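Listed below, chain by chain, are the residues.
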Amino acid sequence: MKLLKLIFAGFVAFSLMSGVAFADPVKGQKYYLKTMSKQTGMKGDKFAALHTQAEWKKLFENNGEGFIKEMSAKFPSLAEFFASDNFKTKIMEDLKDFCIHYASDSGNVPSC
């Protein structure tokens, strides 16, 4: 009976976790390649290396406000994409993880 309660408690705790906790740099890389690489004209390694980890974290504060502002200024065609329904919070979190994971000071290099 105690095992059943423990399993149930774990299940409830797992289900209450935010989707943000499951953000993934690999998914972010796929989103970047599929939706943004043509507009930026950059491969993922060059894009992620635009900033350090600390700089990316700063840009993604306030629901990515700084990221959207900077990328829209550098790549005007992205402004429409950011305003569309396709650009959801989940995509933003995965892009954030991608950019931070492969930032210029991370030592990681994406395969794109």
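Not measured: the values here are computed from a predicted model.

Some words on the overall build of the protein chain
Phase 1: Within the protein chain, the secondary structure is distributed over seven helices and zero strands.
Phase 2: The order of helices and strands in the protein chain, counted from the N terminus, is α-α-α-α-α-α-α.
Phase 3: Out of the 112 residues in the protein chain, the part that is buried amounts to 34%.
Phase 4: Of all intrachain contacts in the protein chain linking residues separated by at least 6 positions in sequence, the fraction that spans at least 24 positions is 67%.
Phase 5: For the protein chain, the exposed surface amounts to about 7,300 Å²; the carbon and sulfur share of it is 60%.

Structural notes on the nonpolar core
Phase 1: Counting residues in hydrophobic clusters, the biggest one holds 22 residues, and the most contacted among them are Met36, Phe47, Trp56, Phe67, Met71, Phe82 and Phe87.
Phase 2: Looking at this core, the elements with two or more residues in it are helix 2 (25-40), helix 3 (44-48), helix 4 (53-59), helix 5 (61-74), helix 6 (77-83) and helix 7 (89-101).
Phase 3: When sequence neighbours within four positions are dropped, the list of residues in contact with methionine 71 reads Phe47, Leu50, His51, Trp56, Leu78 and Phe82.

Here we look at the confidence of the model for the protein chain
Phase 1: Across the protein chain, the average pLDDT comes to 83, with 79% of residues at or above 70.
Phase 2: Summarising per-element confidence for the protein chain, the mean pLDDT is lowest in helix 1 (residues 2-16) (58) and highest in helix 4 (97).
Phase 3: Confidence drops under pLDDT 50 across residues 16-20; counting only partners more than four residues distant or on other chains, this segment forms three contacts.

A look at the packing of aromatic side chains
Phase 1: Inspection of the entire model under this criterion finds ten aromatic pairs.
Phase 2: Ring geometry for tryptophan 56 and phenylalanine 60: centres 6.0 Å apart, planes at 40°, overall tilted.
Phase 3: Through a chain of ring-to-ring contacts, three or more aromatic side chains come together here, namely Tyr32, Phe47, Trp56, Phe60, Phe67, Phe81, Phe82, Phe98 and Tyr102.

Let's talk about the side chain of threonine 40
Phase 1: Turning to its location among the elements, threonine 40 is positioned in helix 2.
Phase 2: For threonine 40, a relative accessible area of 9% puts it in the buried group.
Phase 3: There is a polar contact of 3.3 Å between the side chain of threonine 40 and the backbone nitrogen of methionine 42.

What to know about the pattern of salt bridges
Phase 1: Enumeration over the complete set of coordinates arrives at two salt bridges.
Phase 2: The partner of glutamate 61 in a salt bridge is lysine 58, with the nearest N and O atoms 3.8 Å apart.
Phase 3: Given the relative accessible area of 57%, lysine 58 is considered exposed.
Phase 4: For lysine 74, the salt bridge goes to glutamate 70, with nearest N and O atoms at 3.2 Å. On the criterion of helical spacing, the pair formed by lysine 74 and glutamate 70 is a turn pair, its members being four residues apart in helix 5.

Here we look at helix 2
In an α-helix, one full turn covers 3.6 residues, which means residues spaced three or four apart are oriented alike.
Phase 1: With 16 residues, helix 2 extends just 19 Å between its outermost C-alpha atoms, more than 12% less than the 22 Å of an ideal straight helix rising 1.5 Å per residue.
Phase 2: Of all the bends in helix 2, the greatest measures close to 45° and is centred on leucine 33.
Phase 3: When we look at burial in helix 2, the residues that qualify are Pro25, Gly28, Gln29, Tyr32, Met36, Ser37 and Thr40.
Phase 4: The backbone nitrogen of valine 26 lies 3.1 Å from a side-chain oxygen of the residue at the head of helix 2, namely aspartate 24.
Phase 5: Looking one or two residues past helix 2, glycine 41 carries a phi angle of roughly 70°, positive in sign.

Parameters at a glance
Residues numbered from 1 in each chain as written. Predicted model: local features only at pLDDT ≥ 70, side-chain atom pairs only at ≥ 80, totals over all residues. Heavy atoms only, no water. Helix = DSSP H or I, 4+ residues; strand = E, 2+ residues; numbered from the N terminus. Buried < 20%, exposed > 50% of the residue type's maximum accessible area, 1.4 Å probe, protein only. Contact = heavy atoms within 4.5 Å. Areas by Shrake-Rupley, 256 points an atom, 1.4 Å probe, with all protein chains shown as cover. Core = buried A, V, L, I, M, F, W, Y, C linked by side-chain atoms within 4.5 Å. pLDDT = per-residue confidence, 0-100. Phe/Tyr/Trp six-rings, centres within 6.5 Å; stacked < 30°, edge-to-face > 60°. Polar contact = N/O pair within 3.5 Å; in protein donor to acceptor, adjacent residues only side chain to side chain. Salt bridge = Lys/Arg side-chain N within 4 Å of Asp/Glu carboxyl O. Expected span 1.5 Å × (residues − 1). Bend = angle between axes of the 7 residues up to and from the residue.

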